[in-house]
Amino acid sequence: MTENALSDEEYFEALKKIMTLQGTSQVELKPTCAPQFMSLAKSMGVKTRFTRGCLAGTSYCCILPSGQVHVCPYLPIEAGHVRDKAFDEIWSESEVFIKLRGQVNYEGLCGTCEDHNICGGCRARAYYKTGDFMTADPMSAHCYKRQEGLDE
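The rules we used
Chains are numbered independently. Their residues run from 1 in the order of the written sequence. Totals for whole chains, interfaces and linings use all residues, but because this is a predicted model, local features are given only for residues with pLDDT of at least 70 and pairs of side-chain atoms are given and counted only at 80 or more. Side-chain descriptors were evaluated using all non-hydrogen atoms of the structure, hydrogens and water having been removed beforehand. Secondary structure is summarised from DSSP: a helix means a run of H or I of at least four residues, a strand means a run of E of at least two, and numbering begins at the N terminus for each. Put simply, the radius of gyration uses C-alpha atoms, and a globule should come to 2.2 Å times the residue count raised to 0.38. Under the scheme applied here, a residue whose accessible area is under 20% of the maximum for its type counts as buried, over 50% as exposed, and between as partly exposed, the area being computed with a 1.4 Å probe on protein chains only. Residues count as neighbours in contact if any of their non-hydrogen atoms are within 4.5 Å of one another. By definition, two strands form a pair when at least two bridges between them are found by DSSP. The salt bridge criterion pairs a side-chain nitrogen of Lys or Arg with a carboxyl oxygen of Asp or Glu, the two atoms within 4 Å.

The next subject is the overall build of the chain. When you go through the chain residue by residue, the secondary structure sums to seven helices and three strands. Starting at the N terminus and walking to the C terminus, you meet the elements of the chain as α-α-β-β-β-α-α-α-α-α. Relative to the globule expectation of 15 Å for 152 residues, the C-alpha radius of gyration of the chain, 16 Å, shows essentially globular dimensions. Its C-alpha atoms put the chain at 45 × 35 × 30 Å along the principal axes. Across the 152 residues in the chain, those meeting the buried criterion constitute 43%. Relative to all contacts within the chain whose residues are 6 or more apart in sequence, the contacts with residues 24 or more apart total 47%.

Burial analysis of strand β3 (residues 75–81) places five of its seven residues in the buried class, which makes it a mostly covered element. Counting the residues in the hairpin turn of strand β2 (residues 68–72) and β3 gives two residues.

Right, let's talk about the pattern of salt bridges for a bit. Using the criterion set out here, one finds four salt bridges in the structure. Across the pair Asp115 and Lys42 runs a salt bridge, and its minimum N-O distance is 2.7 Å. Of this pair, Asp115 sits in the loop between α5 (108–112) and α6 (123–130) while Lys42 sits in helix α2 (residues 37–44); the two residues are 73 residues apart in sequence, bridging distant segments of the chain. Look at Asp115 and you get buried, because its relative accessible area is 4%.

Functional significance is not addressed by these values, which are geometric in nature.
Here it is in structure tokens:
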């Protein structure tokens, strides 16, 4: 799919169009797996009911039919197994979830970004590109904030 993916510029232009539409629409728009939309909405003064872009492990996870608890459906990182431990224990005690909930654990531009708490970068993209889900989202190097000179 990589050869069909949007370029960085196309990606951020699409987010800008979506957030512009959100400012005039009664329908809530939330770009999936595009956490940078939150920082962009903030800079454009667009109100959303959402509080964070990437929810993986912070307020969202998935339980596979086998019982494995994963950070998100696009990220094959297991946080536990409901056949071995109660879900609420996994949610509160899993090292993976604990790691995702602390900005200090994020590496690169996502770890130092002032909008980390509302964006977080895409953990699945980071993992896909590097094998490390805590490194910077590959889009962060070309994040709209850097394109616009807002986060130098």
